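# Notes for the structure review
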Amino acid sequence: MEVTVATWIVAVAGLVLVGILGSLQLVALLRPRAEWTIKNVYGGHPASTDPTAYFAFNQSSAWADPFLLVPLQVGGSVGMLLGHQWGFLLGLAASVPFWYSAIFFFIWDRDLGFRQNTFGYWIFTWGMWPAFGVAEGVYCFARLLE
């Protein structure tokens with residue numbers, strides 16, 4: 001398959017985003033209850049809800065992202081840049097957790113009062129993940145139909 005400028009943009013953006021996410025989640029695995037992790041990875045605070053549920057919810061992503069999403073996205077990005085059809089298929093699969101998990105966090109943040117009506121929250125904390133997932137999914141699906 002032809003590697004286009006759009007392919008480079010999607011593949012590299014995926015690597016950057018999953019690199020950030022994977023790094024943060026590895027910190028959460030190594031230091032799951034550290035104040036830095038709570039503030040910079042999880043958001044909110046365990047005292048504002050049931051601490052057991054808070055840590056269980058956040059730790060599920062800390063385990064899933066580095067061992068499921070990161071390999072899918074890295075494989076997809078590399079495969080896309082090599083022009084292989086399987087790369088676009090892996091990219092399509094990797095797009096799903098980006099937007100699917102955003103739904104959980106949207107409800108979680110709203111119901112627990114963690115959501116902030118700031119530009120930073122809506123763009124960086126929450127918005128770029130589902131936006132990228134939808135864009136990658138649409139792009140990879142369209143390329144697979146060619």
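Residues numbered from 1 in each chain as written. Predicted model: local features only at pLDDT ≥ 70, side-chain atom pairs only at ≥ 80, totals over all residues. Heavy atoms only, no water.

## Details of the overall build of the protein
Of the regular secondary structure elements, the protein holds five helices and zero strands. Of the regular secondary structure in the protein, the N- to C-terminal order runs α-α-α-α-α. Since a compact globule built from 146 residues should have a radius of gyration of about 15 Å, the 16 Å found for the protein is in line with a globular shape. By its C-alpha atoms, the protein is 50 × 30 × 20 Å across when sized along the principal axes. Counting every position in the protein, which comprises 146 residues, the buried fraction comes to 39%. Residue pairs at least 24 apart in sequence account for 66% of intrachain contacts in the protein once pairs closer than 6 positions are excluded. Total accessible area on the protein is roughly 8,000 Å²; 72% of this is exposed by carbon and sulfur atoms. On the protein, the mean spot of the 6 positive side-chain charges and the mean spot of the 8 negative ones are 8 Å from each other. (Helix = DSSP H or I, 4+ residues; strand = E, 2+ residues; numbered from the N terminus. Rg over C-alpha atoms; globule rule 2.2 N^0.38 Å. Buried < 20%, exposed > 50% of the residue type's maximum accessible area, 1.4 Å probe, protein only. Contact = heavy atoms within 4.5 Å. Areas by Shrake-Rupley, 256 points an atom, 1.4 Å probe, with all protein chains shown as cover. Lys, Arg positive; Asp, Glu negative; His and termini not counted. Charge placed at Lys NZ, Arg CZ, Asp CG, Glu CD.)

## Focus on the packing of aromatic side chains
Counted according to the given criterion, the structure contains nine aromatic pairs. With centroids separated by 5.3 Å and ring planes inclined at 65°, the aromatic side chains of tyrosine 100 and phenylalanine 104 adopt a geometry described as edge-to-face. One end of the pair is tyrosine 100 and the other is phenylalanine 104, both in helix α4 (residues 85–112) and four residues apart, which spans about a single turn. Classification of tyrosine 100 as partly exposed rests on a relative accessible area of 45%. With a relative accessible area of 44%, phenylalanine 104 lands in the partly exposed category. Taken together, the aromatic side chains of Tyr42, Tyr54 and Phe55 make up a single cluster linked through ring pairs. Lying across the ring of phenylalanine 55, arginine 33 places its NZ or CZ 4.0 Å from the centre. (Phe/Tyr/Trp six-rings, centres within 6.5 Å; stacked < 30°, edge-to-face > 60°. Lys NZ or Arg CZ within 6 Å of the ring centre and 35° of its normal.)

## Points about the pattern of salt bridges
Applying the stated rule across the entire model yields one salt bridge. One salt bridge connects glutamate 146 with arginine 143, and the closest N-O pair in it is separated by 3.1 Å. Residue glutamate 146 is classed as exposed on the basis of its relative accessible area of 68%. (Salt bridge = Lys/Arg side-chain N within 4 Å of Asp/Glu carboxyl O.)

## Comments concerning a nonpolar patch on the surface
A grouping of Val96, Trp99, Tyr100, Ile103, Phe104, Ile107, Val134 and Val138 is seen on the molecular surface, where their side chains present a nonpolar patch of about 720 Å² in accessible area. When residues of the nonpolar patch are assigned to their parent elements, the largest contribution, six residues, is made by α4. (Patch = residues over 30% accessible without salt bridge, like charges linked within 9 Å, V, L, I, M, F, W, Y side chains within 5 Å.)

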